[in-house]
Amino acid sequence: MASRPAAAREFMARMAASPCCAAITSDQVIEAAIASRVAILFVLRTDGLGLEALIDRIHGAGKLAAVHLDLVDGLRADRTAVRWLARAGVDAVISSRGQLMQAVQREGMVAIHRLLLVRHGLLESGFAAVSRSGADIVEVLPGAILPDVRALLPPLRVPLLAGGFIWTEEQARAVLAAGAAAVTTSAQHLWNMDLG
Amino acid sequence: MAERTAPALPRVFVASDGRDPVRLIDPRLGVLLRDLDLFALQAAAESGRRLLAVDLDSVEGLNADSAAVAFVIRRLGIEFVVTRRPALASRAVQLGALALLHVFAFDSTGLGRSLDAHPRAAGVGTVISPGPALAHISVELRARIPRPLAAYGLIGSPERALTLLRLADAVVVPAEQGAAMAARMPRR
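Read on for a plain summary of the structure. (Residues numbered from 1 in each chain as written. Chains lettered and ligands numbered in written order. Predicted model: local features only at pLDDT ≥ 70, side-chain atom pairs only at ≥ 80, totals over all residues.)

A few words on the overall build of chain B. A count of helical and extended segments in chain B gives 7 helices and 10 strands. Whereas a compact globule of 188 residues would reach a radius of gyration of roughly 16 Å, chain B reaches 15 Å, a difference of no more than 12%. In terms of its C-alpha atoms, chain B occupies a principal-axis envelope of roughly 40 × 40 × 30 Å. Taking all 188 residues of chain B together, 48% fall into the buried category. The long-range share in chain B, meaning contacts at least 24 apart out of those at least 6 apart in sequence, stands at 48%. (Helix = DSSP H or I, 4+ residues; strand = E, 2+ residues; numbered from the N terminus. Rg over C-alpha atoms; globule rule 2.2 N^0.38 Å. Buried ≥ 20, exposed ≤ 12 C-beta atoms within 10 Å, placed from the backbone. Contact = placed C-beta atoms within 7 Å.)

Written as structure tokens, this is what we have:
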């Protein structure tokens, strides 16, 4: 538990130094991500019950691993699954479930609360939920629209991550300029770009 | 068999929670009723206003099921039904409404999966949320979205709405943009 602030600090520092993170949407792209210059892999699709070897492989390449608890196969998004991910050596957990953020932090991992941008009427409740959750990072989707909607969003006290529909260097730079600390993308050609 | 002919989609809908009288909205614009309760929905529908749409999944007191679809179309006379449920979209078309399957565009993987579940039947179009995402969807993926297509949510200005109308058949704008959009509409 005591390692959490250090873990969060290191995660933020790696994100700041290398603000393009790899979104892993299938096992087929993991090697490309490991071989690229990204510092953090966001694992969205894989077998959540067989993660140890993958996490070891990512760590062996000197990179960090964030796992999306709501999307990986085999795990229910609850506190037991959070402990499972901690045992597998995961560095950060992403979830839309704010009530799990403190459990993630208690296990020494970085808590990333995913916020879906839908429409004006849902923004207030969405941001209230991320404020309450105490997450270390907020990820907004779809990230590509951040430059369009930044003015509609309230200020946040934690770093903002943006993912979804980010295909080009121009889009990635626009999203970073709009206030995102980093972007997540499955576009492999961006994984080797210096967006810092 | 359709019970009536589905109407043509207006280019602009104004989102309304029913608190302001819908009869005050420019009659050339559609009105999307959302985030309201069953009584407010009924009152808006009985106001005589035409070009009404309802976001079926956001009406307090209304279960999003087949009976609700029949109620809003047959009893309330609502012409456009927005729903996240493909089966209800198909049912709405059978009853003579134009249905719009509400699809969320957060990333390409999720959008692709949602489009796989689209009924792709005549009379079932698509609403994409949030609206500005439409501009970032790849040409290939955009070509897979069944028309008519409306962009809905987080459209921050009339200028943005007009830009999105190059890609979509309709946009849903917040109430405060209604007058500005009406001013840009051709006079009848």
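After presenting the structure, the write-up continues.
With that out of the way, let us pick up helix α8 (residues 169–177) of chain A. Residue and element names in this part refer to chain A. Here α8 has its buried residues at Q171, A172, V175 and L176. An end-on view of α8 places all buried positions within 135° of arc, on one side of the element. More than 90 degrees from the buried face of α8, the exposed residues found are E170 and A177. Where α8 is buried, its residues touch β1 (20–24), α7 (146–149), β7 (160–163) and β8 (182–185). Among the residues trailing α8, G179 stands out with phi positive, at a value near 120°. (Arc of directions from axis to C-beta.)

Across the boundary between the two partners, chain B contributes 19 residues, which contact 18 residues of chain A. Of the residues contributing to the side of chain B that touches chain A, the split by class is 10 nonpolar, 6 polar and 3 charged. (Nonpolar A, V, L, I, M, F, W, Y, C, P; charged D, E, K, R; others polar.)

Moving on, we get to the environment of L141 of chain B. Residues and elements named next belong to chain B. Its place among the elements puts L141 in helix α5 (residues 139–143). A residue is classified by how many C-beta atoms lie within 10 Å of it, and L141, with 14 of them, is partly exposed. Considered as a pair, L141 and V69 are 72 residues apart in the sequence and their alpha carbons are 29 Å apart. Other than its neighbours up to four places away in sequence, L141 contacts S108, L111 and G112.

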